[in-house]
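# Examining the three-dimensional arrangement
Each chain is listed here by its residues.
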Amino acid sequence: MSDSSPGTMTRRALLVGVGAAGGAGAMYAAMGALGLAPDSQEKAFTPPQRSDFALRGRGAAKVVVLGAGVAGLTCAYELGKAGYDCTVLEASDRIGGRNLTLRGGDALRDLDGQVQTAGFEEGTYFNAGAGRIAPWMVTMDYCRELGVPVEVFVNNNAAAYVYTRGMPAPVRARTARADLYGYVSELLAKAAHAGALDRRLSAEDRERLLEFLRRFGDIGPDLAYRGSERRGYQVLPGLSEGLPLAGPSSLAEVLAAGTGRAVTVDFGFDQAMPMFQPVGGMDAIVTALARAVGEERIMTGTPVTGLRNLADGVEVTHRGGVVRADYCVAALPPHLLARLPHNLGAGVTAALRTPAPVAAGKIGLEYGRRWWELEDRIYGGVTETDLDITHIWYPSHDYHARSGLIVGYYNTEENAELYGSMSPRDRLRRALTQGKKIHGEKYRTGLRSSLSIAWHRHPHVEGGWVRWESHDGGLALLQRPAGRVYFAGDWLTHLVAWQAGAMESARKAVTELHRRVLAGPSS
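Residues numbered from 1 in each chain as written. Predicted model: local features only at pLDDT ≥ 70, side-chain atom pairs only at ≥ 80, totals over all residues. Heavy atoms only, no water.

## A closer look at the overall build of the protein
Helix and strand content of the protein: 14 helices and 25 strands. For the protein, with 523 residues in total, the buried portion stands at 49%. In the protein, of all internal contacts separated by at least 6 residues, the share reaching a separation of at least 24 is 69%. (Helix = DSSP H or I, 4+ residues; strand = E, 2+ residues; numbered from the N terminus. Buried < 20%, exposed > 50% of the residue type's maximum accessible area, 1.4 Å probe, protein only. Contact = heavy atoms within 4.5 Å.)

The structure is reproduced here in structure tokens:
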């Protein structure tokens, strides 16, 4: 009897009935039981593939790496894959350097011995250092190779705010952007229409430009900007067409407010969306690197006290003793290396002293409810301001969770020095006062805990990153080995302050070291 005979339920009808009653999951399970599920679902999981970087050949030398930050761990990881015996010395009691993620119970000590202890609830984390990754950066390759899952970091959100001291009140980034684009388009369109650009534009070019500006700035047929729904709504559209915001402000008010900071983020090549972050905290990268290196090879709490080139190797002294190796990779900040007793020469010391450390600071504010989502409809992104807090970051993960953490300030240079000179209590007080100007009283209420870091006052780092005022040959000198000592770090690249810079520098150092080892003792 065929499946289509009267009184017989076909497999298709059975599946439709199961799906109607139990949903897609139930229907898929029934398909599996009937042997109808796609074969692809039964294939074994394929782990992430290794990146395209690998040292060719096997090395047999012993290498000591100074610093268990991203650069040092990358060096040890890549050398280890090529057969080298690596030991990593780290002054701090934890790995990662400026890749620092803090969770509940973690202690943070500054140069004065002042200690903060994170009171965050379970599951909350604060990326106190590195916070985002551009997709073109080599950091993404290491996340793939090491099996570190990533998620989107919302770097630009139209629903976030822009606030400057020239504004009567904060506005949404979309509003600031619409007004700025609109008025710039109006000015340029009217100039072109009046013939002011005739030396540069043909009649055909002028019409094409005007058509673009009408769309870009949402200007009218008379080339005037009067605002539109791009600015946002007082009453959101739904059953009704909604009520657009009143306005816009005048051109003079827009220019006086300095709202250009609302649009500049997208213009930076390294800041353009999409951006990414590791799931669960940035330290997932250094944790994966350390696991691959072998945690038994990493000695934390081991400050280095001296470094010497020997005729046939290197000698590194530390508080616990002496390590001798064939080569050394020094992956410490240059201003700290410059203080280290060594015999690498006066030229190396002078070059290490050239880049100046830059002050940087962050504060993590944990709230019992995610009011930025519930009330402001902000899901990730960054509020820009010319207040001394500079930025407010909203979390790009765990949407609709009960609680969450925002970065209440991320500032640099003079602003970071100002906050760094304060006690943690005073930093918090000032950050809340400034943030209240943007978000109102709710910014003060519901706060569960906080923790702040001043990177220029952080032991064994003493700076968010460095700035080369003048290379004067110093950069080129340090990109080469000093005897058997090689240098690595983001400060040796044009990606200063990015983990990708540390990784690129590490690859260069280990490649040159490996080439030297394979060439033989006389090289």
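## Looking at helix 7 (residues 284-293)
Taken residue by residue, helix 7 has Ile285, Val286, Ala288, Leu289, Ala290 and Val293 as its buried positions. In the core, the buried residues of helix 7 are packed alongside helix 2 (70-81), helix 3 (138-146), strand 12 (275-278), strand 13 (298-299) and helix 14 (499-519). Positioned one or two residues after helix 7, glycine 294 has a phi angle of 110°, which is positive.

## Section: unusual backbone geometry
Geometrically, the link from glycine 247 to proline 248 is a cis peptide bond, its omega value of 15° lying close to zero. In this chain, methionine 273 is followed by proline 274 through a cis amide linkage whose omega measures 0°. The topology assignment puts proline 274 in the loop between helix 6 (251-257) and strand 12. The phi torsion at glutamate 413 lies on the positive side, around 50°, for a residue other than glycine. Within the secondary structure, glutamate 413 is located in helix 11 (residues 413-420). A residue is classified by how much of its surface remains accessible, and glutamate 413, at 29% relative accessible area, is partly exposed. At alanine 497, a position not held by glycine, the phi torsion is positive, near 80°.

## Details of the packing of helix 4 (residues 173-193) against helix 5 (residues 203-217)
In the contact formed by helix 4 and helix 5, the axes pass within 9 Å of each other and the chain directions differ by 160°. Taken together, the axes of helix 4 and helix 5 lie roughly antiparallel to each other. Between helix 4 and helix 5 the crossing geometry is left-handed. Within the contact between the two elements, helix 4 uses Tyr181, Gly182, Ser185, Leu188, Ala189, Ala192 and His193 and helix 5 uses Arg206, Leu209, Leu210, Leu213, Phe216 and Gly217. Looking at the contact of helix 4 with helix 5, its residues break down into eight nonpolar, four polar and one charged. (Axes fitted to C-alpha atoms, helices over the stretch in contact; angles between N-to-C directions. Parallel < 35°, antiparallel > 145°, perpendicular 65-115°, else oblique. Left-handed = near helix turned anticlockwise from the far one by under 90°. Nonpolar A, V, L, I, M, F, W, Y, C, P; charged D, E, K, R; others polar.)

## Quick word on the pattern of salt bridges
Applying the stated criterion to the full structure yields 31 salt bridges. Glutamate 315 is paired through a salt bridge with arginine 324; the nearest N and O atoms lie 2.6 Å apart. According to the relative accessible area criterion, glutamate 315 is buried, its value standing at 15%. Given a relative accessible area of 52%, arginine 324 falls into the exposed group. Glutamate 512 serves as the salt-bridge partner of lysine 508, at 2.8 Å between the closest nitrogen and oxygen. Of this pair, lysine 508 and glutamate 512 both sit in helix 14, four residues apart, roughly one helical turn. Lysine 508 gets classed as partly exposed once you look at its relative accessible area, which sits at 35%. (Salt bridge = Lys/Arg side-chain N within 4 Å of Asp/Glu carboxyl O.)

## Some points on the sheet that holds strand 17 (residues 327-330)
In space, the five strands of this open sheet follow the order 13-2-1-17-25, with parallel pairing throughout. This sheet does not close on itself; its edge strands, each paired only once, are strand 13 and strand 25 (485-487). Contacts from helix 2 reach strand 1 (62-66), strand 2 (85-89), strand 13 and strand 17, with the element oriented near 170° to strand 2. Across the face of the sheet, helix 14 comes into contact with strand 1, strand 17 and strand 25 while running at roughly 155° to strand 25. (Pairing = 2+ DSSP bridges.)

## A look at the sheet that holds strand 14 (residues 304-309)
If you trace the three strands from one edge of the open sheet to the other, you get 14-15-16, paired in antiparallel fashion. Taken across any chain shown, the strands that pair with only one partner, and hence form the sheet edges, are strand 14 and strand 16 (321-325). Averaged over neighbouring strand pairs, the angle between their axes works out to 15° when direction is ignored. In the sheet, strand 15 (residues 314-318) pairs with strand 16 via five bridges, with the strands oriented antiparallel. Looking across to strand 16, one finds that valine 316 is bridged to valine 323.

## Re the nonpolar core
Ranked by internal contacts, the top residues of the largest apolar core, which has 69 residues, are Val63, Leu79, Tyr84, Phe126, Val329 and Leu513. Sequence-distant contacts of tyrosine 84, defined by excluding residues within four places in its chain, comprise Gly59, Ala60, Ala61, Val63, Leu79, Leu513, His514 and Val517. (Core = buried A, V, L, I, M, F, W, Y, C linked by side-chain atoms within 4.5 Å.)

## Here we look at the packing of aromatic side chains
Under the criterion given, the structure shown has 14 aromatic pairs. Arranged with centres 6.3 Å apart and planes meeting at 70°, the rings of tyrosine 77 and tyrosine 142 form a pair that is edge-to-face. Of the two residues, tyrosine 77 is situated in helix 2 and tyrosine 142 in helix 3; the sequence distance between them amounts to 65 residues. The class for tyrosine 77 is buried, based on a relative accessible area of 9%. Between the aromatic rings of tyrosine 181 and phenylalanine 216, the centroid separation amounts to 4.5 Å while the plane-to-plane angle is 25°, which identifies the pairing as stacked. One end of the pair, tyrosine 181, is in helix 4; the other, phenylalanine 216, is in helix 5, and 35 residues separate them in sequence. Of the aromatic side chains, those joined through ring pairs into one cluster are Tyr367, Trp371, Trp372 and Tyr443. Here lysine 362 stacks its cationic end above the ring of tyrosine 410, 4.9 Å away from the centre of that ring. The ring of tyrosine 327 carries the charged tip of arginine 484 above its face, separated from the ring centre by 4.8 Å. (Phe/Tyr/Trp six-rings, centres within 6.5 Å; stacked < 30°, edge-to-face > 60°. Lys NZ or Arg CZ within 6 Å of the ring centre and 35° of its normal.)

Fair warning: the whole summary comes from geometry, so function is off the table for now.
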